[in-house]
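Residue-level listing of the chains:
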Amino acid sequence: LRFPQKLWKMLESGKFQSIWWSEGGKCVAINKELFEVEVLGREGQQVFHTQKIKSFTRQLNAYGFTKMQQNFQRSASLPEFLAEEAAASAHSQILYYYNPSFNRAHPWLSETCKRR
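Residues numbered from 1 in each chain as written. Predicted model: local features only at pLDDT ≥ 70, side-chain atom pairs only at ≥ 80, totals over all residues. Heavy atoms only, no water.

Student: Explain the layout of surface pockets to me, please; I cannot follow it from the model alone.
Tutor: Which parts of space are left empty comes out when a probe the size of a water molecule is rolled across the atoms. Here the largest pocket defines a volume of roughly 230 Å³. Looking at the largest pocket, the residues that line it are L1, K6, K9, M10, S13, K15, F16 and V47. Of the residues belonging to the lining of the largest pocket, the class tally is four nonpolar, one polar and three charged. (1 Å grid on protein atoms, 1.4 Å probe; cavity = no way out; pocket = protein on both sides within 12 Å on 5 of 7 lines; lining within 4 Å. Points joined across faces, edges and corners; volume = space filled by probe spheres on them. Nonpolar A, V, L, I, M, F, W, Y, C, P; charged D, E, K, R; others polar.)

Student: I keep staring at the packing of aromatic side chains and nothing clicks. Help me out?
Tutor: In this description, an aromatic ring pair is defined by two values, namely the gap between the centres and the angle between the planes. Counting across every chain of the model gives nine aromatic pairs. Aromatic side chains F3 and Y63 sit 5.5 Å apart centroid to centroid with 20 degrees between the ring planes, which places their arrangement in the stacked category. On the criterion of sequence distance, the pair formed by F3 in helix α1 (residues 3–13) and Y63 in the loop between α3 (53–62) and β3 (66–68) is long-range, its members being 60 residues apart. Residue classification places Y63 among the buried residues on the basis of a relative accessible area of 10%. Ring plane angle 65 degrees and centroid distance 5.1 Å describe the contact between F65 and F102, whose orientation is recorded as edge-to-face. Separated by 37 residues along the polypeptide, F65 in the loop between α3 and β3 and F102 in the segment after β4 (94–98) bring together distant segments of the chain. Cluster of aromatic residues (ring-pair linked, three or more members): F3, F35, F48, F56 and Y63. (Phe/Tyr/Trp six-rings, centres within 6.5 Å; stacked < 30°, edge-to-face > 60°. Helix = DSSP H or I, 4+ residues; strand = E, 2+ residues; numbered from the N terminus. Buried < 20%, exposed > 50% of the residue type's maximum accessible area, 1.4 Å probe, protein only.)

Taken by themselves, the reported measurements are silent on function.
Below you can see the structure in the form of structure tokens.
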């Protein structure tokens, strides 16, 4: 299977906690630390031919995926700001990648994902 098909199969399998469809199925969400252990750190059963997140993200980029930035609105009060800051820190381990041809509602579009 090509990279996009492997990625699609992984997302749809439900076997991995480190990678999932974002709400709405338009982005791929990846918990970076967990993905490194759960997927890239697998001995003998590698899904992708790498053990490094940097190589995996290069593959995503090669197939037209772009990293999405998460914008957080900050509160004016200090207690709320500190709570939001803690949540944003935990959230920073989550990477979001978008490709207009990779959408859960339109599986046939993944066939158009070509390596650049």
